[in-house]
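Commentary on secondary and tertiary structure
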Protein chains: 4
Amino acid sequence: MKKMNIAVLTSGGDAPGMNAAIRAVARTGIFYGLKIMGVKKGYEGLINGEIFEMSLSSVADIIHRGGTILQTARSKEFTTREGREKALSMMKIFGIQGLVVIGGDGSFRGARDLSGMGAHVIGIPGTIDNDIPFCDYTIGFDTAVNTVVEAIGRIRDTTSSHNRANIIEVMGRNSGDISLYAGLAGGAESIIIPEVDASVEDVCKRIMHGRNRGKLHSIIILAEGVGGAFEMAKAIEEKISVETRVTILGHVQRGGSPTAFDRILASRLGAKAVELLMEGQTSKMVGQYQNEIKDFDFDKVLASKKEFSSEIYSLARILSI
Amino acid sequence: MKKMNIAVLTSGGDAPGMNAAIRAVARTGIFYGLKIMGVKKGYEGLINGEIFEMSLSSVADIIHRGGTILQTARSKEFTTREGREKALSMMKIFGIQGLVVIGGDGSFRGARDLSGMGAHVIGIPGTIDNDIPFCDYTIGFDTAVNTVVEAIGRIRDTTSSHNRANIIEVMGRNSGDISLYAGLAGGAESIIIPEVDASVEDVCKRIMHGRNRGKLHSIIILAEGVGGAFEMAKAIEEKISVETRVTILGHVQRGGSPTAFDRILASRLGAKAVELLMEGQTSKMVGQYQNEIKDFDFDKVLASKKEFSSEIYSLARILSI
Amino acid sequence: MKKMNIAVLTSGGDAPGMNAAIRAVARTGIFYGLKIMGVKKGYEGLINGEIFEMSLSSVADIIHRGGTILQTARSKEFTTREGREKALSMMKIFGIQGLVVIGGDGSFRGARDLSGMGAHVIGIPGTIDNDIPFCDYTIGFDTAVNTVVEAIGRIRDTTSSHNRANIIEVMGRNSGDISLYAGLAGGAESIIIPEVDASVEDVCKRIMHGRNRGKLHSIIILAEGVGGAFEMAKAIEEKISVETRVTILGHVQRGGSPTAFDRILASRLGAKAVELLMEGQTSKMVGQYQNEIKDFDFDKVLASKKEFSSEIYSLARILSI
Amino acid sequence: MKKMNIAVLTSGGDAPGMNAAIRAVARTGIFYGLKIMGVKKGYEGLINGEIFEMSLSSVADIIHRGGTILQTARSKEFTTREGREKALSMMKIFGIQGLVVIGGDGSFRGARDLSGMGAHVIGIPGTIDNDIPFCDYTIGFDTAVNTVVEAIGRIRDTTSSHNRANIIEVMGRNSGDISLYAGLAGGAESIIIPEVDASVEDVCKRIMHGRNRGKLHSIIILAEGVGGAFEMAKAIEEKISVETRVTILGHVQRGGSPTAFDRILASRLGAKAVELLMEGQTSKMVGQYQNEIKDFDFDKVLASKKEFSSEIYSLARILSI
């Protein structure tokens, strides 16, 4: 195991649990006698040298906080060869021998490129979208799902009082996982996601079916990536004359104190990332896969696609009849 | 104190704590040996005779539930003389000698009209809007404010990570109270409400002021009644180049388990309403005013306007500098 | 209005919302152009000179945090004349012309003594116990009540599954207010508080009464000041053979993010305290009384006793039948 | 796939998510055209014939509720051969051809015995203790861990304000998993569990270590199975003069609305149990193992012991330095 200087950054959209991962990187590193540095504002801050040394206290009282103390940003400059060379040069200036990147697939692409230029980089999947292959769950997903489930619960109260339908638009551009898991856990009547074709007729049929057996609420979860919440509401009102309201949950889903699950996942992955760097590894993602902490080449990860769980989709349909 | 048959209904928009009020009406009535009836779907259900006798168990395990087990609806028919006469006739058929109406000012107007036609009616202020005079707080307001404050907390996490501004649109057509209280409690940088003129320039100045002293977040609370969240976001981005996101909280604010405050308020008002009816009173609202449970003539309530608290507005501005 | 240097400290048991009060003192003072100092560890820190100047940023991002950033301690030395003279001398050294003390009645006694020696001192009622006269509510009480209500909800789930009785011991040595309000809001079957005599026989009768009408849970709230939770459980099991479990909530009740209510109350009282000092006032408590922000002489406050609300006690008994 | 009549019961200690499992059994069964029956009060109710047919509506609006609508009880009679024969006979009377048992290892032992006598029985691991082998997690564990983590957060607020140590006793007679996971996620300074020897000296060393680097809180998580919280508090105070408080969380940990994770796990396992019975299988447990839904013979499950995660234990120690 090699003594080395390690830096950590967060990149892309923030996710609850990123702070727990930062804490784990810092404390594990310090435990092994390493020097740990924090990079502010993702790759942008790496290019600009917004880098500071971290102590045990730098990460005190952050495990329960949403967001990321290192902030995050998208960097156009880093997508260019020149930008990445500046970043590499800045890593040398600060004596950074290993880099931990916490983010999603876009961030991993940058991390792989940096690896290809000689840097030692390990990625940690931190995104609420759960769209990374070879991960049971990404950091932040469990918290986001619970946030949506709580919102469904609140809306169910009021929608039952008025006997209305309610469309809730949930985050997820390409991945319907937040919608799918929250819809199942929240007992939503319909779940509309990019992965599965759906028709307004089917939604209407499920609403009427529920009404006919005395249900007071009809909740439709709609992934952001499908879109058209207001149009769908109008279509439902026209077809079956059921008053239909729309809620756009928006960035509420990104924040909040991380769940225990996300804190533990983030802690384990952060520690593992440091150990991999100390073993001399690079261009890999650490992930919890089949309930074990493992590592996978960025090449493999970036060439694959997270599989959609049709079992859970079918189950959600069966259980909300 | 007169033995009598009392019915209870909820009307207008639902609010957390309405169930606690229904429970208090039912159990207090039964305690005094009265017959208590529940009316479904507000005045509409009264006209249609959707009326059932309540026992102690009808209201078991509802004190903590959002929404209203009696459901609520708006009734066009009840706004007509004929509709109200049908309602009165139905009250006679069911032997209803006193009626408790839980709702907002629109519901009280209907209740006063019914009183004018000879019915004994007492109103309980149940609305998240806090727009009823002679009430410190309406039932549901405290819960709604806490829901918004929690959402502000979540958004602050993510907005700090990205150094963005965030506009949160909050319920309140005519009243800015939810915005005002939640904005103060959530530490929002700007609060824009129907009661006070505001300019985009002032909002921008406050954002820049905060940035200049190192603040990572700028949260703007915007009451629904003012509107124009997306336009304001665009204006901010144009004027000061700060990325600005919009969240529309929507009906999430109406639901959720009521806070202790709302449950206690609702319990006290429900019990008081029954006692007033037993004393032979009518056409009155019960309210917690200056921290005491009191009653006020509907005429007085409906002729007044809830005063806006400019002290709290100024305080919120001072404390978020 | 006088320009002056103001210090703020927290004393006695901590309460959620104390940070919001500190923030309000600091920001209001700075808004008026005053110099504001924070004193660590209550009177002990005042004696020892643990005093630092506060800026706008000293109180950034604390409005939502439980506990007190200034910490609190009990000081034996301050109860002596010598101790208080040291404190006074330290105030002169640091140029402190006005002092804000956030705490309970013990802290106010110290504050009055200090006033008597020439210091300008204003008190803010910060204690979860709600045992201060001339206050509708003390800072922290609303949060503590909601914490207990949430715990009651959780215990109700499990106690219903097993058809058991459950005794929950709640904070409050001399005051039963947390028990009373949480018991009413949580729908507890019995509430046992220092202010009212209660017998095990009455508790047993209410349990049997509930069982006979099909209730699955019996929750007994017991104020710490009454004590004897385990003995009572044994007595219930002996008398009516109902399995009875005990939960001691303990310090969980002191923590947690303050509710909107506590944050707003604390903000208003903090601002008012600064204004009173600027007006040259001393030896007074600020409080929300009859829903208005007012001030009262320490002498009057300390000579009075918070009145017990027998109305709420009776109501809780009626509603849990 | 065989058409059949299936009954479901919950047994042993209740756990959040049991209702979601009951709902999944009922709705999956009805979806496949089966007759589904609910058994009240576990094996006791099976013996006594407390059995009723379930419809889609029997399980409406329960997915989010803690506890179990079927109630649970421990049955002495069922531990005898005679008791089990009565149960078997009652199953025949009601035409029950398959039985789903939701509970822990004690319940599975009974289920295996019943299988041995000819009944078709499938078990679902429902217990907050996470002490069942061949399960990544048992139903209820995730919720219980989050409940403890929230309590740790609250206690951290107040313990920081007073610079105290705090011992929190957490459920778990034989298994330290709740303590371990909650301790890691809550950032506890020490975690004392049945699986690992610990000394008061080590706890004291960690407290002093934290203090010396400026930490304001020291939280010690102690599993119920180790016991001796009050003795440990006394020992700490004697050895290092740090004021130490004790909290016994108790049955609060069993209740509460289940997390999304527990609801999804319970839903998937409930559906799988029905499918296994339809395939003619018996004497098996369904579990999520290595993140997949699988089944295992009761014999294998009951002959094994859940492995303790020494990786997580070590990690918790490293991260709380």
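Residues numbered from 1 in each chain as written. Chains lettered and ligands numbered in written order. Predicted model: local features only at pLDDT ≥ 70, side-chain atom pairs only at ≥ 80, totals over all residues. Heavy atoms only, no water.

1. Brief notes about the relation of the copies chain D and chain A
Between the two chain copies there is a screw-like relation: a rotation about an axis and a shift along it. We count it as follows: When the copies are overlaid, the least-squares fit takes in C-alpha atoms only where the residue has pLDDT of at least 70 in both copies. Working rule for contacts: check all heavy atoms of both residues, and any pair within 4.5 Å makes them a contact.
The transformation that overlays chain D on chain A combines an axial shift of 0.0 Å with a rotation of 180°, and the residual RMSD is 0.0 Å. What we have between these two chains is a two-fold relation. The rotation axis passes nearest to the C-alpha of Gln-290 of chain D in chain D, at a distance of 2.1 Å. A shared binding surface is used by both copies, with 100% of the interface residues of chain D retained as interface residues in chain A.

2. Considering the interface of chain A and chain B
Where interface size is given, it is often the accessible area lost as the parts come together that is meant. The following threshold applies: When two parts are brought into contact, each loses some accessible area as probed by a 1.4 Å sphere; the total of that loss over both is the buried area. Definition used for salt bridges: Asp or Glu carboxyl oxygen within 4 Å of a side-chain nitrogen of Lys or Arg.
Listed by partner, the interface residues are 32 residues for chain A and 32 residues for chain B. Between chain A and chain B, roughly 2500 Å² of surface is buried when both sides are summed, and carbon and sulfur atoms account for 48% of that area. The largest contributions to the chain A side of the interface with chain B come from Arg-154, Ser-161 and His-251 of chain A, which together make up 27% of the buried area. At the boundary of chain A and chain B, one finds two salt bridges. Note that Glu-150 of chain B and Arg-154 of chain A form a salt bridge whose closest N and O atoms lie 3.6 Å from each other.

3. Some words on the pairing of strand S6 (residues 165–170) of chain D
Residues and elements named next belong to chain D. Defined as follows: When accessible area is computed with a 1.4 Å probe and restricted to protein chains, residues below 20% of their type maximum are described as buried, those above 50% as exposed, and intermediate ones as partly exposed. Only DSSP runs of H or I covering at least 4 residues are called helices, and only runs of E covering at least 2 are called strands; the numbering of each starts at the N terminus. One requirement defines pairing of two strands: DSSP has to find at least two bridges between them.
Within S6, six of the six residues are buried, leaving the element largely enclosed by the surrounding structure. In S6, alternate side chains face the same way, and those of Ala-165, Ile-167 and Glu-169 on one face and Asn-166, Ile-168 and Val-170 on the other are all buried. As defined by bridge partners, S6 adjoins strand S9 (residues 244–248) across five bridges and the pair is classed as parallel. Following the sheet pairing, Ile-168 is matched in S9 by Thr-247.

4. Some remarks on the pairing of strand S5 (residues 121–125) of chain D
Residue and element names in this part refer to chain D. As a reminder of what qualifies: For the handedness criterion, the strands are oriented away from the viewer, and a crossover whose path from the first strand over the helix to the second runs clockwise is classed as right-handed.
Of all five residues in S5, five are buried; the element is thus mostly enclosed. Residue alternation in S5 divides its side chains into two sets, Val-121, Gly-123 and Pro-125 and Ile-122 and Ile-124, and both sets are buried. Sheet topology note: the strand S4 (residues 98–103)/S5 ladder contains five bridges and is parallel. Bridge pairing in S5 links Val-100 to Ile-122. Assessed by its sense of winding, the connection that carries the chain from S4 through helix H4 (residues 105–116) to S5 is right-handed. The pairing of S5 with strand S10 (residues 284–289) spans two bridges and is classified as parallel. Within S10, the position partnered with Ile-122 by the bridge is Lys-284.

5. Comments concerning the pattern of salt bridges
Scanning all chains against the criterion turns up 60 salt bridges over all chains. Arg-112 of chain C serves as the salt-bridge partner of Asp-299 of chain C, at 3.0 Å between the closest nitrogen and oxygen. Placement of the pair is Asp-299 of chain C in helix H10 (residues 298–303) and Arg-112 of chain C in helix H4 (residues 105–116), with a sequence separation of 187 residues. For Lys-284 of chain C, the salt bridge identified is with Asp-295 of chain C, shortest N-O distance 3.0 Å. Placement of the pair is Lys-284 of chain C in strand S10 (residues 284–289) and Asp-295 of chain C in strand S11 (residues 292–297), with a sequence separation of 11 residues. For Lys-284 of chain C, a relative accessible area of 16% corresponds to the buried category. Accessibility expressed as a relative area gives 24% for Asp-295 of chain C, which makes it partly exposed. One continuous salt-bridge network, built from bridges that share partners, spans Glu-150 and Arg-154 of chain A together with Glu-150 and Arg-154 of chain B.

6. Structural notes on the domain arrangement of chain A
All names here are of chain A. Applicable threshold: Where each domain starts and ends follows an automatic or database-derived domain assignment.
Under the domain assignment used here, chain A contains domain 1 (5–140 + 258–302) and domain 2 (142–254). With centres defined by C-alpha atoms, the gap from domain 1 to domain 2 works out at 34 Å. Between domain 1 and domain 2, the contact holds 13 residues from the first and 12 residues from the second. For the pair domain 1 and domain 2, the summed buried area comes to about 1100 Å², and 50% of that belongs to carbon and sulfur atoms. Its largest share of buried area at the contact with domain 2, domain 1 owes to Ile-128, Asp-129 and Thr-259, together 43% of the area lost on that side.

7. Some remarks on helix H1 (residues 18–31) of chain B
Residue and element names in this part refer to chain B. To keep it simple, the criterion reads: In a helix, the anticipated span is given by 1.5 Å times the number of residues less one.
An ideal rise of 1.5 Å per residue puts 20 Å on 14 residues; H1 measures up with 20 Å between its terminal C-alpha atoms. Counting buried positions over the 14 residues of H1 gives 12, a clear majority of the element. Listed in full, the buried residues belonging to H1 are Met-18, Asn-19, Ala-20, Ala-21, Ile-22, Arg-23, Ala-24, Val-25, Ala-26, Arg-27, Thr-28 and Gly-29. Among the residues trailing H1, Gly-33 stands out with phi positive, at a value near 85°.

8. What to know about the interface of chain D and chain A
Each side of the interface is counted separately: chain D has 43 residues, and chain A has 43 residues. Taking both partners together, chain D and chain A bury about 3800 Å²; carbon and sulfur atoms supply 59% of that area. Linking chain D with chain A are two salt bridges. Here Glu-311 of chain D and Arg-268 of chain A are joined by a salt bridge, their closest N and O atoms 2.6 Å apart.

9. A word on the sheet that holds strand S2 (residues 35–39) of chain C
All names here are of chain C. So the rule is basically this: Axis lines are fitted through C-alpha atoms, for helices just across the contact stretch, and the angle between N-to-C directions can take any value from 0 to 180 degrees.
Strand order in the open sheet formed by seven strands is S3-S2-S1-S4-S5-S10-S11, and the pairing between neighbours is mixed. Unpaired on one side and paired on the other, strand S3 (51–54) and S11 mark the two borders of the sheet. The mean inter-strand angle of the sheet, taken between neighbouring strand axes irrespective of direction, is 30°. Sheet topology places S10 next to S11; six bridges connect them, and they run antiparallel. Among the inter-strand pairings, Gly-287 is bridged to a residue of S11, identified as Lys-294.

10. As for the relation of the copies chain A and chain B
At an RMSD of 0.0 Å, chain A and chain B line up after a rotation of 180° and a shift of 0.0 Å along the axis. Residue by residue, 100% of the interface of chain A is reproduced at the interface of chain B, so both copies engage with the same surface.

11. Remarks on the confidence of the model for chain A
Just so we agree on the cut-off: The pLDDT value expresses, per residue, how confident the predictor is, ranging between 0 and 100.
For chain A, the mean per-residue pLDDT works out to 96, and 100% of the residues sit at or above 70. Interface confidence in the predicted complex, given as ipTM, is 0.97; pTM for the same model is 0.97.

12. Re helix H8 (residues 229–240) of chain D
Think of an α-helix as 3.6 residues a turn; residues three or four steps apart then line up on the same face. All names here are of chain D. Where we set the bar: The reported arc concerns the directions from the helix axis to the C-beta atoms and nothing else.
With 12 residues, H8 should reach 16 Å at 1.5 Å per residue; the first-to-last C-alpha distance of 16 Å fits that figure. By the burial criterion, the buried members of H8 are Ala-229, Met-232, Ala-233, Ala-235, Ile-236 and Ile-240. On an axial view of H8, the arc spanned by its buried residues comes to 165°, and they lie on one face. For H8, the exposed residues lying more than 90 degrees away from the buried face are Phe-230, Glu-231, Lys-234 and Glu-238.

13. Side note on the side chain of Ser-107 of chain B
The topology assignment puts Ser-107 of chain B in helix H4 (residues 105–116). Among the residues examined, Ser-107 of chain B registers a relative accessible area of 6% and is labelled buried.

14. Some words on the sheet that holds S10 of chain D
Residues and elements named next belong to chain D. Pairing is mixed across the open sheet formed by seven strands, whose spatial order is S3-S2-S1-S4-S5-S10-S11. Lying at the two open borders of the sheet, with one neighbouring strand each, are strand S3 (51–54) and strand S11 (292–297). Recorded for the sheet is a direction-independent mean angle of 30° between the axes of neighbouring strands. In this structure, strand S2 (residues 35–39) lies alongside S3, joined through four bridges in antiparallel fashion. Across the sheet, residue Val-39 finds its bridge partner in S3, namely Ile-51.

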